[in-house]
Amino acid sequence: VVARRRVARGGAISICEIDQRWSIDASRGSSPTAFINHSCTPNSYSRVANGRIFFYTLRAIEPGEEITLDYTPAQEPGLRCACGSPRCRGVLR
């Protein structure tokens, strides 16, 4: 409920969903999820275990390169995507 209210207010949003009920708000505190963005051609993936998010790379990531995930927002499916990838689907699914 809190995450939905923050999304509705707009502005810079950095929310990482654990499941339908729980989310991590990376704009509050020092969560490393604040530095990971969406891409339709990602260089990493994540897994949730015991309420924690673990990130794994799909290939070597160069210094200064953005870390990206292809994620599906469970609470807001179908959001518009503008990741800039040549293979961008146009929507987060």
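### Digging into the overall build of the protein chain
Across its full length, the protein chain holds 1 helix and 6 strands. The N-to-C order of helical and strand elements in the protein chain reads α-β-β-β-β-β-β. Relative to its 93 residues, the protein chain shows a buried fraction of 23%. Taking contacts inside the protein chain between residues at least 6 apart in sequence as the whole, the part at least 24 apart equals 43%.

### What to know about the pairing of strand β4 (residues 44-49)
Two strands pair when backbone bridges link them, and β4 and strand β5 (residues 52-57) are joined in this way by 6 bridges, in the antiparallel orientation. Directly across from Y45, in β5, lies its bridge partner Y56. In this structure, the hairpin formed by β4 and β5 is closed by a connection of 2 residues, where N50 is found at a positive phi of approximately 55 degrees.

### Points about a nonpolar patch on the surface
Together, Y45, F54, Y56 and L58 give the surface a local cluster of nonpolar side chains, amounting to about 370 Å² of exposed area. Relative to the helices and strands, Y45 is located in strand β4. Given a relative accessible area of 31%, Y45 falls into the partly exposed group.

### A short note on the confidence of the model for the protein chain
Across the protein chain, the average pLDDT comes to 80, with 78% of residues at 70 or higher. Mean pLDDT in the protein chain bottoms out at helix α1 (residues 2-9), which sits at 71, and peaks at strand β6 (residues 67-69), which reaches 92.

### A look at the packing of aromatic side chains
Aromatic ring pairs are described here by two measures, namely the spacing of the ring centres and the angle between the planes. Summed over the entire model, instances satisfying the criterion amount to 1 aromatic pair. Centroid distance Y45 to Y56: 5.3 Å. Interplanar angle 25 degrees. Geometry classified as stacked. Taken as a pair, Y45 in strand β4 and Y56 in strand β5 lie far apart in primary sequence, 11 residues in all.

### Describing the pattern of salt bridges
One pass over the full model with this rule turns up 2 salt bridges. Measuring nitrogen to oxygen at the nearest pair gives 2.5 Å for the salt bridge that ties E65 to R59. Residue R89 is joined to D70 by a salt bridge in which the shortest nitrogen-to-oxygen separation is 2.9 Å. One end of the pair, R89, is in the segment after β6; the other, D70, is in the segment after β6, with 19 residues separating them in the sequence. Judged by relative accessible area, R89 falls into the partly exposed class, the value being 29%.

Scoring rules and cut-offs
Residues numbered from 1 in each chain as written. Predicted model: local features only at pLDDT ≥ 70, side-chain atom pairs only at ≥ 80, totals over all residues. Heavy atoms only, no water. Helix = DSSP H or I, 4+ residues; strand = E, 2+ residues; numbered from the N terminus. Buried < 20%, exposed > 50% of the residue type's maximum accessible area, 1.4 Å probe, protein only. Contact = heavy atoms within 4.5 Å. Pairing = 2+ DSSP bridges. Patch = residues over 30% accessible without salt bridge, like charges linked within 9 Å, V, L, I, M, F, W, Y side chains within 5 Å. Areas by Shrake-Rupley, 256 points an atom, 1.4 Å probe, with all protein chains shown as cover. Salt bridge = Lys/Arg side-chain N within 4 Å of Asp/Glu carboxyl O. pLDDT = per-residue confidence, 0-100. Phe/Tyr/Trp six-rings, centres within 6.5 Å; stacked < 30°, edge-to-face > 60°.

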